[in-house]
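Here are the chains, one letter per residue:
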Amino acid sequence: MKAITLCLLAGSLLFSSCIQEIANGTRNNPAADFTLRLNIEETDGTTRQQVSTATNIPGAAEGISQIEVKESKVNLRLGGITFSPNVTLTLSANLRFLQATRPEQIAGEYNLPADADKLLITMGWLRDGTQHFYSPAITGKVQVQYDAATNTWNGELQGIGFNKPLNAPYRSIQLHGRFNHVPFL
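Predicted model only: the values in this text are computed from it and were never measured.

About the thresholds
Residues numbered from 1 in each chain as written. Predicted model: local features only at pLDDT ≥ 70, side-chain atom pairs only at ≥ 80, totals over all residues. Heavy atoms only, no water. Helix = DSSP H or I, 4+ residues; strand = E, 2+ residues; numbered from the N terminus. Buried < 20%, exposed > 50% of the residue type's maximum accessible area, 1.4 Å probe, protein only. Contact = heavy atoms within 4.5 Å. Areas by Shrake-Rupley, 256 points an atom, 1.4 Å probe, with all protein chains shown as cover. Pairing = 2+ DSSP bridges. Phe/Tyr/Trp six-rings, centres within 6.5 Å; stacked < 30°, edge-to-face > 60°. pLDDT = per-residue confidence, 0-100. Axes fitted to C-alpha atoms, helices over the stretch in contact; angles between N-to-C directions. Salt bridge = Lys/Arg side-chain N within 4 Å of Asp/Glu carboxyl O. 1 Å grid on protein atoms, 1.4 Å probe; cavity = no way out; pocket = protein on both sides within 12 Å on 5 of 7 lines; lining within 4 Å. Points joined across faces, edges and corners; volume = space filled by probe spheres on them. Nonpolar A, V, L, I, M, F, W, Y, C, P; charged D, E, K, R; others polar.

Draft legend 1. Representation of the overall build of the chain in the model. Counting its secondary structure elements, the chain contains one helix and 13 strands. Walking the chain from its N terminus toward its C terminus, one meets helices and strands in the order α-β-β-β-β-β-β-β-β-β-β-β-β-β. Relative to its full complement of 185 residues, the chain shows a buried share of 41%. Taking all contacts inside the chain whose residues are at least 6 apart in sequence as the whole, residues at least 24 apart take part in 56%. In the structure as shown, the chain presents an accessible area of about 10100 Å², 54% of it carried by carbon and sulfur atoms.

The following block contains the structure:
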């Protein structure tokens, strides 16, 4: 019985340290990081910018940055629209690579609208307390690189534009961002 208890205790400590390592990163595998910037041109002609960054808080749902395979497609998720006592993230981006079934296949450069059959981008935005989701992206450029030393992905989103919904309280929106050390989970 003591052996079983010791095995369970050792297993839970190992799992806990793995979770902590993923959240905080290590020298060889830094923590995932991202910044999303939404440029907003308001109806009165003024422009403003909304920014969300990774929180890297152990166990926090707010700082999601991961690559996953769902329904035989590769998704790169950045950010989220969540509330917590510490952080409110207001932007998210989900990049769905339509012709990739394995994470290593997503490295490359994508230009929209030409690569719309390869990449679908959905953006979530919390504006005035209401969640809005925009898809598909109609303009922009995405670059994705694989880092073999850390087994993670890095990249950039440039000028990602979406169709303006009818009666939207702004003239245009454009998403920019960068991500580093995003793991495949």
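Draft legend 2. Seen up close, the pairing of strand 1 (residues 33-42). In the sheet, strand 1 pairs with strand 13 (residues 170-182) via ten bridges, with the strands oriented antiparallel. Counted as the bridge partner of Leu36 is Gly177 from strand 13. With seven bridges joining them, strand 1 and strand 2 (residues 47-53) adopt antiparallel strand pairing. Each residue of the ladder has a partner; that of Thr35, found in strand 2, is Thr53. Joining the antiparallel neighbours strand 1 and strand 2 is a turn of four residues, in which Gly45 adopts a positive phi near 95°.

Draft legend 3. How the structure looks around the packing of aromatic side chains. In total, this model carries five aromatic pairs according to the counting rule given. Put simply, the rings of Trp125, Tyr134, Phe162 and Tyr170 pair up and form one aromatic cluster.

Draft legend 4. Structural detail: the confidence of the model for the chain. Chain-level statistics for the chain give a pLDDT mean of 81 and a share of 75% at 70 or above. Of all secondary-structure elements in the chain, the lowest mean pLDDT belongs to helix 1 (residues 2-24), at 41, while strand 8 (residues 108-112) reaches the highest, 98. Low pLDDT (under 50) marks residues 1-25, which in the prediction has twelve contacts with non-local residues, meaning those over four places away or in another chain.

Draft legend 5. Representation of the sheet that holds strand 13 in the model. A sheet is described by the order of its strands in space; here six strands give the open sequence 2-1-13-12-11-8, paired in antiparallel fashion. A single partner strand is all that each edge strand has here, and the edge strands are strand 2 and strand 8. Between one strand axis and the next, the sheet turns by 10° as a mean value, whatever way the strands run. When strand 11 (residues 137-147) meets strand 12 (residues 152-162), the two strands line up antiparallel, connected through nine bridges.

Draft legend 6. Molecular detail of the pattern of salt bridges. Within this structure, the stated rule accounts for ten salt bridges. Notably, a salt bridge pairs Glu41 with Arg171, separated by 3.3 Å at the nearest N-O pair. Taken together, the residues Glu41 in strand 1 and Arg171 in strand 13 connect sequence positions 130 residues apart. Judged by relative accessible area, Arg171 falls into the partly exposed class, the value being 45%. Connected through shared salt-bridge partners, Glu42, Arg48, Arg127 and Asp128 make up one network.

Draft legend 7. Focus on the sheet that holds strand 4 (residues 73-79). Pairing is antiparallel across the open sheet formed by five strands, whose spatial order is 3-4-7-9-10. If you trace the sheet from one side to the other, it starts and ends with strand 3 (65-70) and strand 10 (130-134), each paired once. Each neighbouring strand pair of the sheet contributes to a mean axis angle of 15°, computed without reference to strand direction. Taken together, the six bridges between strand 3 and strand 4 define a ladder with antiparallel strand orientation. Bridged to Val69 within strand 4 is Val74.

Draft legend 8. Region of the structure containing the layout of surface pockets. Size it by volume and the second largest pocket reaches roughly 160 Å³. Lining the second largest pocket are 13 residues, with Gly79, Gly80, Ser92, Ala93 and Phe133 positioned closest to its centre. Its residues placed into classes, the lining of the second largest pocket shows five nonpolar, seven polar and one charged.

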